[in-house]
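Chain residues, written in single-letter form:
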Amino acid sequence: MSVLDDDSPLDRLNSQRRDKASEYEAKKQSLLVKHNREVVDHLLSTNLTRPIRITKVHVVNAEMLRDTFLETQLAPLLNNERLDLHGLLKNLDLTTSNFARTSTISNIGAILEVDPTPSFATVPPSTLRIIPVIQLDPIKRFNMKIGTNVGNGEGDGYLSLQYRNIFGGGESISFDTNMASNNLNSTSRSTYLLNFQSPILNNANWLGSIMGYHSSKLVDWTTRNDQTIEGITLKSISQYKSPWNYEFSLENTLRSIDLLSTNSLNDTLLMNAGDSFKSSFNFTCKYDTRDDSILPTKGFHSGGSIELSNLLPSLNFQESKFIKLTSHFQHAFSFNKIIFNGLFKFGYIQSLNHSNVHFMDRFFIGGPNDIRGFTLNGLGPKLYGSPIGGLAFYGLSASLFTPLPFVDSESFKTHTFINAGKLISDSNLRDPSVSIGTGLVFKHPIARFELNFVLPLSQSHFDSTRKGFQYGVGISFM
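Residues numbered from 1 in each chain as written. Predicted model: local features only at pLDDT ≥ 70, side-chain atom pairs only at ≥ 80, totals over all residues. Heavy atoms only, no water.

**So, the confidence of the model for the protein chain**
Alright, step 1. In the predicted model, the protein chain carries a mean pLDDT of 85, and 85% of its residues have values of at least 70.
Alright, step 2. Low pLDDT (under 50) marks residues 1–5, which in the prediction has two contacts with non-local residues, meaning those over four places away or in another chain. (pLDDT = per-residue confidence, 0-100. Contact = heavy atoms within 4.5 Å.)

**What about the side chain of His 301?**
Alright, step 1. One can find His 301 in strand β13 (residues 299–309).
Alright, step 2. Residue classification places His 301 among the buried positions, given a relative accessible area of 12%.
Alright, step 3. Here the side chain of His 301 touches His 328 through a polar contact of 3.5 Å, side chain to side chain.
Alright, step 4. Excluding its chain neighbours within four sequence positions, the residues that come into contact with His 301 are Tyr 287, Asp 288, Arg 290, His 328, Phe 329 and Gln 330. (Helix = DSSP H or I, 4+ residues; strand = E, 2+ residues; numbered from the N terminus. Buried < 20%, exposed > 50% of the residue type's maximum accessible area, 1.4 Å probe, protein only. Polar contact = N/O pair within 3.5 Å; in protein donor to acceptor, adjacent residues only side chain to side chain.)

**Quick word on the packing of aromatic side chains**
Alright, step 1. Tallying each qualifying case throughout the model produces 14 aromatic pairs.
Alright, step 2. Centroid distance Phe 248 to Phe 283: 4.9 Å. Interplanar angle 40°. Geometry classified as tilted. With Phe 248 in strand β11 (residues 244–259) and Phe 283 in strand β12 (residues 274–288), this pair connects stretches of sequence that are 35 residues apart.
Alright, step 3. For the ring pair Tyr 287 and Phe 300, a centre distance of 6.4 Å and an interplane angle of 55° mean the geometry is tilted. Here Phe 300 lies in strand β13 and Tyr 287 lies in strand β12, a separation of 13 residues in the sequence.
Alright, step 4. Accessibility expressed as a relative area gives 24% for Tyr 287, which makes it partly exposed.
Alright, step 5. Residue Phe 300 is classed as partly exposed on the basis of its relative accessible area, which comes to 31%.
Alright, step 6. One aromatic cluster is present, formed by Trp 206, Tyr 240, Phe 248 and Phe 283 through successive ring pairs.
Alright, step 7. The residue whose ring lies beneath Arg 372 is Phe 417, and the NZ or CZ to ring-centre distance is 4.6 Å. (Phe/Tyr/Trp six-rings, centres within 6.5 Å; stacked < 30°, edge-to-face > 60°. Lys NZ or Arg CZ within 6 Å of the ring centre and 35° of its normal.)

**What about helix α3 (residues 85–101)?**
Alright, step 1. Helix length check: α3, at 17 residues, gives a terminal C-alpha distance of 24 Å against a target of 24 Å (1.5 Å per residue), a fit within 8%.
Alright, step 2. When we look at burial in α3, the residues that qualify are Leu 85, Gly 87, Leu 88, Asn 91, Leu 92, Thr 95, Ser 97, Asn 98, Phe 99 and Arg 101.
Alright, step 3. Count one or two residues on from α3 and you reach Ser 103, which has phi positive near 55°. (Expected span 1.5 Å × (residues − 1).)

This is the structure we're talking about:
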């Protein structure tokens, strides 16, 4: 008797047979998938205009949703008027989008089944009777996150709680808090946010929100001061699938400025120190066709907002009543992996009662995410070297992003740009401050990171420049 070693001809033959069997099975699966795709494409092409009637809709795992909410989301599938296969697929896609936008599910699937029951005499024989089967995967209703953030000489701890689909109609309540460590000199003292939101009248296109909040932070880029904001805000936000979306909000806040230093004290902060009440109405309109909001390669984004503040009668005649307008326009396109982004934005505040606009309502621009080559909020008027904000501004930016040599990654880019802008407290918008620069960009799914070398080319006598390396992180850049 002989013993076969691991490299015997019999073992090699069996291995070759297994490889051939695996290769045959892979080809078989590939041909089967191709055949099924061809069958589906044939059915779609030959029945695209065939009349269809929805006899009923079957929903799996719908126990978590109340009936009125479920009927509203399924409304597109219940429309049988002049329905064909093309219209059915369109309505099915709209129904899927409805559930997704209300944040009531983690996943959704759909199957179309032919109704085997006999049709009524009023239904033409050529009509295809369909039963859509909707499979819903419910979301996790309770979520909690807790952790710490430490970096740049600052530290804080955070807690986030969320309870979703409270009454079976997409309602949710969340609580977020952030407490800073005074030992690490964090600029953010504390933040509390309690937010209840729900689809308005079961409509996935509109989301209503009621927020109560408290925020306290240290401001050290001007005369050192603590700023505290407490208030309640009501919002109505559209969630249309189209590029156009809107937001209405009513805000009531109590604000406080507590001066921590008498050095470089300016009159604007001194006049606004202490408590002040603000009630305002805001309307925002947005148009967005970009393929990505962090680093778009194509598309157009524009938006505008109007704020009407303190227009109701008040016993405090020192409250600033004003109208505030802002707008921005961004265009992106690419050619041979070279991406161009251009952006223009502007803002204007008009006082309506001849009083000074509050320090916390003014415009501030400049910094690594804004007009690069200048310090944070370093553009515009100053008193004793401290920024006091402005009543009008504009900013322009042109950026080129190119692939990083010898790095095979779409996340890393080289960046070359020119920025220009001006912040004023009067009507003189001429002679903008200008900077140029180049650097590296890393695009993460949740943020963008930039490390640039910047060079200011021109500035007004009160601008604070920043020549050399400048680092920025965020989701919105000039």
